[in-house]
Structure formats: structure tokens, C-alpha cells
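# Tertiary structure, described
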Amino acid sequence: MHLTYVVKKNGRTEQFFPDKLNKWGEWACEGTSANWSLLITNAIKKMYDGATTAELQKALIASAVDLVVQDVDYDKVAARLQLADMRKEAYGSYTPPELKLFYYHMIEKDLWEDMDYTDEELEALSVAIDHSKDEAFTYAGVKWMSDRYLVRTSERLYETPQFLYMGMAMSVFKNEPLEEVIALYDVFSRHLVNVPTPVLVGLRTPDKGMASCCVIRGGDNLNSINAAINIAYTMTAKRAGIGIEMTTRSEGDDVRGGIFTHLGKLPYYKLIDRTVKANTQQSRGGSATVQYNIFDPEIESLLRLKSQRVSDDRRIDKMDYSLALNDLFIKRFIKGEDISLMSLYDAPLVYEKFFSKDFEGFTKAYLDAEANPKVKKTKISSKELFMAFFQQRLDTGRIYAHRVDISNARSTFKDPIISSNLCQEILEPTAAFDDVIDLWDEDSNGEVALCNLGGIVCGRVKDSEYEKVTYLLLKMVDNIIDMQDYPYPVLASKAKKRRNAGIGLINLAHAIAANGYSYETEEGRNFVHRETEKFSYYLHKASVQLAKEKGPCEWFDKTTYSDGVLPMDTVPKAVDEVHTQELLMDWESLRKDIVEHGMRNSVLEAEMPAETSSVTIAATNGCEPIREFITYKSSSTGTIPFIVPEYKDLAFRYEQAFHIDNMRYAEIIGIMQKFIGQSISYNEYYDYNKYKGGVIPIKEVARNWVYGAKMGIKTWYYLNSDVDNGGAANQGCDSGGCTL
């Protein structure tokens, strides 16, 4: 198309001058191997006579994105053009305004909160802010920022990344020394840490709903169920993902002495699904993972709720599920023994002991119930039941698992762990509420677990600054616990008494590749041991320091830390048999400090997926191996190419997830779990192309899963398989609250 004129933003028509566009192309491609002429030619092909200048700018960006597959340097070109487009939209020019003027403007528009900074302080912060750091973003990073996290209204975009970072630091550290505000901004802007989606969206604004996810338990009566559903609805609206366990009777059980027959869990699960879908979150949709246990009489139908082979009225396929079990059932599977299914109504003590730290008590209660002829039960082959679980996990990719006994045995909490969250990395105490009214009672026996997340970017933080970075990140998370909005008084009360944190280690795949290691070798396992130990050690040290400054958490005595017990103290022996790395940190001195001074937080670590916000800072997600060198992320404005960090230099060193042996990867997870107080969003990977006829043997899936249990894995998240060959969807946690 021959372009002769364009339409300016103000509606004025102007002759098209190719030289102007050429200069834009030359500027965007400067210092890269990208060809500016090819960039311009491809963009012009998409234009029409009378196109707007805005359309022309977007055509340039689209041209660069299309050319990424030919040369990854076009990603830098697209990033520069995208940043220029964002700044023009937000400020009318490429140069951002001075911080003080911007701050007061955003307060006037009610887009930022008033943080009570003086003009003198604002001027000092203005000196610290460095907008040139925006130019270090990848295209995926800056575009992701624009689409998901930066403040915008229906009219236009209002901020760019450095203002977001400074605004977050100013907000969360507004009562801290100014030098710490600047230090936290520096940590954000250098992409040394990762921040969860709700915090990126809400911190600095009047909206303070910043819990990434929450875990709920519902009891076996209408009032308790109503309370659980109420929490799920409200917390979804607050941008939190939902994990929920409904400890209710099973289908066919008596209600009110046999006047009614219980309809089972399906109606409640449908209600949960509708509840979380009723509210659309700002940058994602509402989602939930529901837990059921392996000896529930409804287990065979519950395992198939996502299956396309069941009738519509028995299917809830847009929600995810987690199978709760313990070692008694795993051992029966290995031995080929039957499992007895029994309901809460018929065997209440069995259910009570299952969700407790009394493992011997559970075994006794279960065996007694099996032997008691008065307890109604159904026997099922353990092989048949486990194989149904593995098959559904393979078919859908999204039937998870939770080892309740191991979660409790290796917990930092003295109170029992019942279930996990949306993405299976949070393990914190929960308890059912008796009634909705209890949500306004701070002393209620009910409890909801809230996820307050953050991430350290593995490989980017120098040893000399590691202690300071972890301190700043944990202090940020701890401050958020105090400043965020809680829809019910009981949530605020329990959250502030426990002060639970969930800090993860992300970018592991890049760090392994950059250091020349492998997920499958002893040297690689030793490297992961060193990195995770360092990460955990400095988090514990930071929590002790915060306890000295602000006092230990009120419920410190409800943690194993109060007895001097650390997560690594309970690691299975099998884990330490797959590496040769000795401990490097002075844990014994730290242990004494913990007992003497307490800790600010009841728990510190949780390894989340970081599937979305890692894109913003050009990091690989969580502890996961990469799947492809270039992947495409879905956004509200289309698909965005994400290129692995240092692709040109490290492409030959990166290992792809589908090429890594599942047992070797389970060993990596087991080593990390040694130091992690909560759990890990652990994924498995299967490539259909490796198997005869494209059929993955269920026996292999079972063998790998049992080996993972041997490695001390607490929870299993996705089973990813090659979607092009009929496997389960290769999806991330894009709609999840703990996406981070």
C-alpha cells in the first residue's frame, strides 16, 4: 500500500514523510543486529492511506515482534518502540515528569494514595529514580507491565515502570527510613526480587487487597459451608486465588437423623465454581482448587469431575482438584492392598485424625474403623484407585496431590495443616468457621490462611548483597501484612498473629544454565542445595532481625521454631543421598538466636510458580526448567513472545523440561523442599513423542510419582505433556492468585 498521508492524534491530516519513519526505525534498531529497513518495510505493508500515527507506531511494534523468530534482537527493538509508545500515551513525550509533580498529580486523580511525603523527601527520591532502567526491559516485560500492572483507566495509561517501582517502595516503606525506601526501589528496579500480581497492581494505590491467595476450610453444616462460600466470594473480589477443602458428609449419608439424604459434595463444588467465577479480577479471572481425600466414598466420581467422559451434570471441568492422602495409602498401593472408603458421617474420628499431626492415631482409628462392622465402608483396590488418579492426572494435567501427613510432619506450625492453595505451594493452618457471624469475631476458632508472597531472583543477587536484599523483601512482605485490607476482622487478627510469609526462589533454570550446571547431575543438585540453603538462611536471619526491631510474631509459641526446630531438621534421609553438598551456613548460631529472640514470621518459604510476573523481569519461572526458548504468553491485547534470558549466549546450555528425567527433577525438588517451610508448586513433564505409539505408560507415571514421594515432596501441581500429540494442556497459572 502506498502511504501518502497520516492522521495525527489531534485529528489533523499530515503528509507522510518516509524519512521520519526511517529515523524511528534506525533509532529503535541502534546497537542491535536488527535490520531497520526490513522493520519499516514489514510495518508499511500493514498500513493504509490515512492511517493514524498511533496505528503506524503499533505496526512498527508488531513488525518487530513478528521478526523475533528470525533474530531475537528484534525483541529489543520492540521493547524500545513499546516504551516510547507508553511514555507518549502517559506523558505526551518520551521524557517522564519529575517525581514530585507526578506524585501530586496521581493523588489528585485518586490513582495513588497520599503517603505523607514532604517536598524535601520527594526531591531526594526524585534524585534516586532512574527512568533509563526502563530501557533494560524486554518487550515481554514492558508489554506485560503495560497490560497488567501499570495504573491505567479507561481513558489512558498513567505511569511507567520506574514510577510503579518507586510508588511501591514509597507506600510499603512510608514509615521506614528514607534510605530504605531508596534501597527497596533499587532492588525492584534492578529486578533482584519478584513481586506478586496483587501487590504490583495495588501497592501505591488506594486499593489494598494484596493477599495473593487464601486457603479455606468448610465444615459439615449449612452455616459453616455458608461462611466458607462467603469468604471465597469476597477474597476472589480482592484478587486472591482460592484453595478450599469442604469437610462434609458424602452422597447418601443421613441428614437430620435420616429425614433427608445428603446430596454429596457435587452441589457444593458447583457452588464454589460459580462463586469464584462471579468476580473478574483486574488482571486475571477468579480460580479455585478444591481438595478431596482418597478414602471418601465419592472418590471415584470426584476423580473424574474434569473428565470429558462423564455427563454434563456430573462434570465441573473449569475448576482444579487436589487429592489428599498419606503414607498409609501409598504403602497399600505399593503392596497391592485394598483401601476402605468411609464417610465423615460414619467415621468422624478417622477424619479428625487424618487432618492432624497424630499419625499413629490416624492409623489406629482407620484400622479400628475397618475392623468395626458398625462402620459402613466400601473396599476398593488400591491399584484401581491410584491408577484412576494417575490416569485423570495424565488426561487433564490438573489433578493435583497433597501428602497431608508429610505436610504436618515437616511443618513449622504446631497447629495442623489441612489443605493447600490454588497452586499447591502454601501450607498454613486453617479451621472451619461455625457461622458467618464468626468472621467478625477476632477470637473465633475458625481460620483462613492468607498467602503473602515474594521471590528472590536466583543468580542475580550478589553474595555481598544477599543478606540486605532478603531483609528488604521480607520486611516488605511483613509490612504488607499490617497495611493490606482485610474484609473480615478475624482474617486480620489471625494474619497479624502468625505473620506468614511465602518467599520463593525464581529464575533457577537461568541460574543453572549460566553456571554451567544441569538439572540431571550431582553437580547441579549440589548447586541447587547451595542456592536454596543460602536463600533460606538469610530469610531466617532477616526474620530474627525483624523480631529484634519490631518484636516476634504473637503466635511464635505455636511454631516449631520456638522449640529450635528448623525445616531442614526433618528432611527424609533419601534426599541427602542424592547430593554430596555439605551445609555452608552457621545454622547452629542462628538456631540459638531464633530461640532467644524469636522470629517475626511463623513461616518463611514457599516456592510458587511465578508464571506471569516473572515475565516482567525477564526471569525463568520458579524452579521450573524452560519449556521452549521462545514461548508465547496470552495477554488482554494478544500474545507476547517471551525469550529466555541470555538466549544468544546460553541456548546450548538450557535444558528443556520435556527432556529432563522426571526422577532427576524430583530430586531437585526434594533438595529444595529440605529448606522450604511450606511447599513447592511441583510440575511433572511427559513427552508423548518418547513413547511407542504416543502412549505414556501409566506404570511409569506411577513409578515417578512414588519416587517423588520418596524425595519428600509434599504437593504435586501440574502434569504437563506435549499438547500437539494429544497430551494435557501445557498451561501456566495465568489465572491463579499465587501466579506471583
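Everything numeric here is computed off the predicted structure, so don't read it as measured data. (Residues numbered from 1 in each chain as written. Predicted model: local features only at pLDDT ≥ 70, side-chain atom pairs only at ≥ 80, totals over all residues. Heavy atoms only, no water.)

### Remarks on a nonpolar patch on the surface
- A cluster of nonpolar side chains, namely Trp 24, Trp 27 and Tyr 94, defines an oily patch on the protein surface of about 270 Å² accessible area.
- As for its placement among the helices and strands, Trp 24 is situated in helix H1 (residues 18-29). (Patch = residues over 30% accessible without salt bridge, like charges linked within 9 Å, V, L, I, M, F, W, Y side chains within 5 Å. Areas by Shrake-Rupley, 256 points an atom, 1.4 Å probe, with all protein chains shown as cover. Salt bridge = Lys/Arg side-chain N within 4 Å of Asp/Glu carboxyl O. Helix = DSSP H or I, 4+ residues; strand = E, 2+ residues; numbered from the N terminus.)

### Things to note about helix H3 (residues 53-67)
- Along its 15 residues, H3 runs 21 Å from first to last C-alpha, staying within 8% of the 21 Å computed at 1.5 Å per residue.
- Listing the buried residues of H3 in full gives Leu 56, Gln 57, Ala 59, Leu 60, Ile 61, Ser 63, Ala 64, Val 65 and Leu 67.
- Each element contacted by the buried residues of H3 is listed here: H1, helix H2 (36-45), helix H4 (74-91), helix H7 (139-149) and strand S19 (638-643). (Expected span 1.5 Å × (residues − 1). Buried < 20%, exposed > 50% of the residue type's maximum accessible area, 1.4 Å probe, protein only. Contact = heavy atoms within 4.5 Å.)

### With respect to the sheet that holds strand S16 (residues 453-457)
- On the basis of which strands lie adjacent, the open sheet formed by three strands has the order S3-S16-S17 and mixed pairing. In the strand order of this sheet, the two ends are held by strand S3 (193-194) and strand S17 (502-506), each with one partner.
- As paired strands, S16 and S17 are joined by five bridges and run parallel to one another. Each residue of the ladder has a partner; that of Gly 454, found in S17, is Ile 503.
- Each of S3, S16 and S17 touches helix H19 (residues 466-483); the most contacted strand, S16, lies at about 165° to it.
- Those strands touched by helix H22 (residues 522-550) are S16 and S17, and its axis lies near 150° from that of S17. (Pairing = 2+ DSSP bridges. Axes fitted to C-alpha atoms, helices over the stretch in contact; angles between N-to-C directions.)

### A few points about the pairing of strand S4 (residues 213-218)
- For S4, the buried fraction is high: six of the six residues fall into the buried class.
- In S4, alternate side chains face the same way, and those of Cys 213, Val 215 and Arg 217 on one face and Cys 214, Ile 216 and Gly 218 on the other are all buried.
- Across six bridges, the pairing between S4 and strand S5 (residues 241-246) is parallel. Of the residues in S5, the one forming a bridge with Val 215 is Gly 243.
- As a crossover connection, the stretch from S4 through helix H11 (residues 222-237) into S5 is right-handed. (Right-handed = clockwise from strand over helix to strand, strands pointing away.)

### Topic: the confidence of the model for the protein chain
- Of the residues in the protein chain, 97% reach a pLDDT of 70 or more, and the chain-wide mean stands at 94.
- When the criterion is pLDDT under 50, residues 725-739 qualifies, and its contacts beyond four places in sequence or with other chains add up to 67 contacts. (pLDDT = per-residue confidence, 0-100.)

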